[in-house]
Amino acid sequence: MNEATELQVVEQPYRSHNKKRKSSKVELKNLRAQNYRSKTSDELVNLELCPRSVDDVYSLGVRLQYYIGAIYLELDAMNQGSKQIPYTSLALRQLEGKEEIEKLVNDNLNRLLWYFYNNGGPIIEAPVSEQVAKELQPFFNRIMANFLNQLDVMVNMTFNGDISAIDLDDSINNNIIAMYTVIAKLFKLDEIKNAFNDLISIRKALGNN
């Protein structure tokens, strides 16, 4: 299944038009607890720095779609692909969400190109300055770390049979929506807030499917 295989490969996230920043790494410390071992913790939880543009926000959304999808594929492998446990379909749903975010990326790129060509080719600065992003970074890191810790707990509970795959999916979806909501409140700029609202809308749509 090509689509499922795609979820296992982390492609380079969409980069901001003028961003040259190194990514920071957040590790899941408890994801290998008991008998659950994550292949994804070192490979996929390679999160961007605090977003400075709409493109950065969408990049974060794409990476999280891949990460959650890869976790579902791992759980599916541990359950030997049991058709009674819908991990593969849950993983493919993450791919669908990723594709929806990519549409937003393309729309945003078209807006940037329109502005560039209709205003004489100006340098397009990221709307959030480096200084502001630096000030927000500790809060952003804390929010992401809390989310990843919660995800770690939920995945291990599922692995141990304490909650079902569907309950796991509902919990992950609700936690991602809550995380995006909190992060959006860090920013004063409407365009960044709106980008997070776009991600929230996609997550809500996935949860209704």
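## Comments concerning the overall build of the protein
Line of reasoning, step 1. Helix and strand counts for the protein stand at seven helices and zero strands.
Line of reasoning, step 2. Helices and strands appear in the protein in the N-to-C order α-α-α-α-α-α-α.
Line of reasoning, step 3. For the protein, the residues scored as buried account for 45% of the 209 residues in total.
Line of reasoning, step 4. If you take every contact in the protein between residues at least 6 apart in sequence, the share linking residues at least 24 apart comes to 75%.
Line of reasoning, step 5. Element-wise, carbon and sulfur atoms account for 49% of the exposed surface of the protein, whose accessible area totals about 11200 Å².

## A look at the packing of aromatic side chains
Line of reasoning, step 1. Per the counting criterion, the structure on display carries three aromatic pairs.
Line of reasoning, step 2. The interplanar angle of 50° and the centroid separation of 5.9 Å between the aromatic rings of Tyr-180 and Phe-196 together place this pair among those described as tilted. Highlighted residues: Tyr-180 in helix α6 (residues 165-184) and Phe-196 in helix α7 (residues 190-208), separated in sequence by 16 residues. The same class applies to Tyr-180 and to Phe-196, which are both buried.
Line of reasoning, step 3. By the ring-pair criterion, three or more aromatic residues cluster together here, those being Tyr-180, Phe-187 and Phe-196.

## Quick word on the environment of Val-54
Line of reasoning, step 1. Considering the arrangement of structural elements, one finds Val-54 in helix α3 (residues 54-78).
Line of reasoning, step 2. Using a relative accessible area of 9% as the deciding quantity, one classes Val-54 as buried.
Line of reasoning, step 3. Through-space distance from the C-alpha of Val-54 to that of Val-105 is 8.5 Å; in sequence the pair is 51 residues apart.

## Details of the confidence of the model for the protein
Reading predicted coordinates in detail is not appropriate for stretches of low pLDDT.
Line of reasoning, step 1. Across the protein, pLDDT averages 78, with 76% of residues at or above 70.
Line of reasoning, step 2. At the low end of the mean pLDDT range in the protein sits helix α2 (residues 40-43), at 41; at the high end sits α6, at 96.

## Re the environment of Phe-147
Line of reasoning, step 1. The residue Phe-147 is located in helix α5 (residues 130-159) in this model.
Line of reasoning, step 2. Ignoring anything within four residues of it in the chain, the contact list for Phe-147 reads Leu-64, Asn-175, Ile-176 and Met-179.

## Focus: the nonpolar core
Line of reasoning, step 1. Counting 48 residues, the largest nonpolar core has Leu-151, Met-179 and Phe-196 as its most contacted members.
Line of reasoning, step 2. If you list the elements that add at least two residues to this core, you get α3, α4 (87-118), α5, α6 and α7.
Line of reasoning, step 3. Setting aside chain neighbours within four positions, we find Phe-196 in contact with Pro-51, Val-57, Leu-60, Tyr-180, Ile-183, Ala-184 and Phe-187.

## Remarks on the pattern of salt bridges
Line of reasoning, step 1. With the rule as written, the count across this model stands at four salt bridges.
Line of reasoning, step 2. Note that Glu-130 and Arg-52 form a salt bridge whose closest N and O atoms lie 3.9 Å from each other. Residue Glu-130 is located in helix α5, and its partner Arg-52 is located in the loop between α2 and α3; the two are separated by 78 residues in the primary sequence.
Line of reasoning, step 3. Here Glu-130 falls in the exposed class, since its relative accessible area comes to 60%.
Line of reasoning, step 4. Here Lys-103 and Glu-100 are joined by a salt bridge, their closest N and O atoms 3.1 Å apart. Separated by three residues within a single helix, Lys-103 and Glu-100 lie in helix α4, roughly one turn from each other.

## Some points on α6
Line of reasoning, step 1. Given a rise of 1.5 Å per residue, 20 residues ought to cover 28 Å, and the 28 Å separating the end C-alpha atoms of α6 matches this to within 8%.
Line of reasoning, step 2. Of the positions making up α6, those classed as buried are Ala-165, Leu-168, Asp-169, Ile-172, Asn-173, Ile-176, Ile-177, Met-179, Tyr-180, Ile-183 and Ala-184. All buried residues of α6 lie within an arc of 165° about the axis, which places them on one face of the element.
Line of reasoning, step 3. Buried-residue contacts for α6 involve α3, α4, α5 and α7.

## So, the packing of α4 against α7
Line of reasoning, step 1. Where α4 contacts α7, the two axes come as close as 10 Å, and the packing angle between them is 150°. Judged by the inter-axis angle, α4 sits roughly antiparallel to α7. Remark: the crossing between α4 and α7 carries right-handed chirality. Seen from α4, the contacting residues are Arg-93, Gln-94, Gly-97, Glu-100, Ile-101 and Leu-104; seen from α7, they are Asp-198, Leu-199, Ile-202, Arg-203 and Leu-206.
Line of reasoning, step 2. Looking at the contact of α4 with α7 residue by residue, the classes come out as five nonpolar, two polar and four charged.

What counts, and where the lines are drawn
Residues numbered from 1 in each chain as written. Predicted model: local features only at pLDDT ≥ 70, side-chain atom pairs only at ≥ 80, totals over all residues. Heavy atoms only, no water. Helix = DSSP H or I, 4+ residues; strand = E, 2+ residues; numbered from the N terminus. Buried < 20%, exposed > 50% of the residue type's maximum accessible area, 1.4 Å probe, protein only. Contact = heavy atoms within 4.5 Å. Areas by Shrake-Rupley, 256 points an atom, 1.4 Å probe, with all protein chains shown as cover. Phe/Tyr/Trp six-rings, centres within 6.5 Å; stacked < 30°, edge-to-face > 60°. pLDDT = per-residue confidence, 0-100. Core = buried A, V, L, I, M, F, W, Y, C linked by side-chain atoms within 4.5 Å. Salt bridge = Lys/Arg side-chain N within 4 Å of Asp/Glu carboxyl O. Expected span 1.5 Å × (residues − 1). Arc of directions from axis to C-beta. Axes fitted to C-alpha atoms, helices over the stretch in contact; angles between N-to-C directions. Parallel < 35°, antiparallel > 145°, perpendicular 65-115°, else oblique. Left-handed = near helix turned anticlockwise from the far one by under 90°. Nonpolar A, V, L, I, M, F, W, Y, C, P; charged D, E, K, R; others polar.

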